[in-house]
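Overview (structure and organization)
If you want the building blocks of each chain, they are given just below.
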Amino acid sequence: MLTYTIRRLVLSIPTLLFISLVIFLLLELAPGDPMAQVPLTVPPDVKELMRESLGLGEPTHVRFGKWLWQFFVVEPMILIDHLFGTALAEGQQRVLSWQFRSPVMDVIVQRMPQTLWVVAMSYVVGILIALPIGIYSAYRQYSVFDQVGTFVTMVGYSVPPFFSGVLVIVIFSVELGWLPSIYDTTLEVVDWDTFKQQILQMVMPVMVLALQTTAQISRFMRASMLDNLNQDYVRTARAKGLSEWAVVMVHVLRNSMIPVVTVIALGVPYIFGGAIITEQIFKVNGLGQLLITAIQANDLPMVQTVTFMIAVLIVLFNIVADVLYGVLDPRIRYD
C-alpha cells in the first residue's frame, strides 16, 4: 500500500502540471483586461507602464514559468521560513494579486479560516447525519422512516443552495429572528458569549451546505446497505447466532462503507463549489467570495491560484479514496 501511495503521488505531479497549464491558458484566452477598471483620466502610456509592472508585457510561456517557480518553489520556502525562522525565500518574487497588490497566498491564508469553519463543519455534520439515516432506511426498507427519509433527501438533493440559502434566511432570520443573516468575519472567539455568537452565525450556512451532503451520502449509504443485506454471508452470520447488531453494524456496515467512503472522499473538493454560492448569500468573507471578486476584477493570478488549489484537492482526495478503498477491503491489494 505504501508503494502504491508513493507511486500515485509521483504520478500526480505531471497531472497537476498539465492542469496548471490548462488553467493558465484558459485564463489567458478569457476576455477582460485588468486595466479596464482604471479611470479614463489615466494616460495610455501610464496604463502601459502599469501593465508592464503587472508582468503583462512578457510572453505567455515566460509568465507561466515564473508562476510555476513562484507557486511550487518560492511559496513552500516562505512556509518553511515562517515555521522554522529561516531566510530561504529572502529576496524572492512572489505571486502578486493585481486586485490587492499583495502576495496571493497571504490573502488566501487570511480567508482560509472562514471557509474552513463553514465548509469543514458542514461536511462533518452532513456525514454524521447521512450515515445513520442511510443505515436505518436500508434496514427498515419501505417503512415510514424510509419513505420520509427518501422524500427529504430527494428534496435536499434537488434544491440548489441559492434557493435554500434565501429560504432559511427568510424563515430563521427575518420571520423568527433567531439567527443572524450576515456572517460576521471580524468576530473573534475569546469567551463563551463570542463562542455562542460564532455558533449561531454558522448555523444557517452549515445547514445549507450540509443539506446536499446529507442527501447525497444517505442515498449512497442506503443503496450500499441494501445490496449487502441480501448477501449469503449475512444469512450465514445470522445462522451462526450472531446478534442483529453485530450482523448489521459490523459485517454489513464495513462492506457497505467501501463505495460510500469513495463518495465522501471525492465529495470534499466539490463542496467548495457550493461554498462559493453560500458565501455570497451569507456574506462569508472566505475563499468563495474571494474567487468571485477576483473574477469580477480580472485578477488572473488570484483566480489561477484558487482554481489550481481546488484542482490539487481533487487529485489529492482521489488518491485518498483509492487508499481507503484498499484499507476497508482486504481483498484489494495494489502492491
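Up top you'll find the structure we're talking about.
A brief look at the structure comes next. Throughout, a residue's number is its position along its own chain's written sequence, starting from 1. Under the rules for a predicted model, residues below a pLDDT of 70 receive no local features and side-chain atom pairs below 80 are neither given nor counted, while totals for whole chains, interfaces and linings still include all residues. To get the side-chain values, take all heavy atoms of the structure and skip hydrogens and water.

For the rest of this paragraph, the subject is the overall build of the protein. The way it works is that DSSP assigns letters per residue, a run of H or I at least four long becomes a helix, a run of E at least two long becomes a strand, and they are numbered from the N terminus. Counting its secondary structure elements, the protein contains 11 helices and 0 strands. The helix and strand sequence of the protein, counted from the amino end, reads α-α-α-α-α-α-α-α-α-α-α. When accessible area is computed with a 1.4 Å probe and restricted to protein chains, residues below 20% of their type maximum are described as buried, those above 50% as exposed, and intermediate ones as partly exposed. By residue count, 41% of the 335 residues in the protein fall in the buried class. Across the protein, contacts joining residues at least 24 apart in sequence account for 72% of those joining residues at least 6 apart. About 18,600 Å² of surface is accessible on the protein, with carbon and sulfur atoms providing 68% of the total. Whether two residues are in contact is decided by their heavy atoms: any pair within 4.5 Å suffices. Here, Shrake-Rupley sampling with a 1.4 Å probe gives the accessible areas, and only protein chains in the shown set may cover a residue.

This part takes up the pattern of salt bridges. As a working rule, side chains carrying opposite charge can pair if their charged atoms are close by. What counts as a salt bridge is simple: a side-chain nitrogen of Lys or Arg found within 4 Å of a carboxyl oxygen of Asp or Glu. Summed over the entire model, instances satisfying the criterion amount to 2 salt bridges. With a closest N to O distance of 2.8 Å, Arg222 and Asp146 form a salt bridge. Of this pair, Arg222 sits in helix H7 (residues 192–229) while Asp146 sits in helix H5 (residues 144–158); the two residues are 76 residues apart in sequence, bridging distant segments of the chain. Here Arg235 and Asp232 are joined by a salt bridge, their closest N and O atoms 2.3 Å apart.

Now for the packing of aromatic side chains. Working definition: rings of Phe, Tyr and Trp (its six-membered ring) pair if their centres are within 6.5 Å, and the pair is stacked with planes under 30 degrees apart, edge-to-face with planes over 60 apart, and tilted otherwise. By the definition in use, this model includes 9 aromatic pairs. Look at Trp67 and Phe308: their rings are 5.5 Å apart centre to centre, the planes differ by 85°, and that puts the pair in the edge-to-face class. In this pair, Trp67 sits in helix H3 (residues 60–84) while Phe308 sits in helix H11 (residues 300–328), placing the two residues 241 residues apart along the sequence. Pair check on accessibility: Trp67 and Phe308 agree, each one buried. Measuring from ring centre to ring centre gives 5.2 Å for Phe71 and Phe72, while their planes differ by 75°; the resulting arrangement is edge-to-face. Of the residues examined, Phe71 reaches a relative accessible area of 15% and is grouped as buried. Relative accessible area serves as the criterion here: at 35%, Phe72 is assigned to the partly exposed category. Each residue in the set Trp67, Phe71, Phe72 and Phe308 is aromatic and connected to the rest through ring pairs, giving one cluster.

Grouped together as the largest cluster of nonpolar side chains are 40 residues, with contacts concentrated most on Ile217, Met221, Met225 and Phe282. Within the residue set of this core, elements represented by two or more residues are helix H4 (104–139), helix H6 (161–175), H7, helix H8 (232–239) and helix H9 (244–282). Sort the elements by how many residues they give to this core and H9 lands first, with 14 residues. The definition of a nonpolar core used throughout is a set of buried Ala, Val, Leu, Ile, Met, Phe, Trp, Tyr and Cys residues joined through side-chain atoms within 4.5 Å. The next biggest cluster of nonpolar side chains, apart from the first, holds 23 residues, and it includes Val107, Ile276, Phe308 and Val315.

This part takes up the environment of Val119. Positionally, Val119 belongs in helix H4. In the structure, Val119 is positioned 153 residues away from Phe272 in sequence and 7.1 Å away in space, judged by C-alpha atoms.

In this structure, Tyr142 is a non-glycine residue whose phi angle is positive, near 65°. Tracing the sequence through the fold places Tyr142 in the loop between H4 and H5. Its relative accessible area of 61% is what places Tyr142 among the exposed residues.

Looking at the secondary structure, you find Gln70 in helix H3. The class of Gln70 is buried, set by a relative accessible area of 9%. Setting aside anything within four residues of it in sequence, one finds Gln70 in contact with Glu75, Gln93, Arg94 and Val95.

This part covers the environment of Tyr139. One can find Tyr139 in helix H4. The sequence separation of Tyr139 and Leu226 amounts to 87 residues, and the corresponding C-alpha distance is 7.6 Å. Residues within four places of Tyr139 in sequence aside, it is in contact with Leu229, Arg238, Glu244 and Val248.

Residue placement: Gln289 occurs in helix H10 (residues 287–296). Classification of Gln289 by relative accessible area gives buried; the value is 15%. Sequence separation between Gln289 and Ile276 is 13 residues; the distance between their C-alpha atoms is 6.1 Å. Apart from the residues lying within four places of it in its own chain, the contact partners of Gln289 are Glu279, Gln280, Lys283 and Val284.

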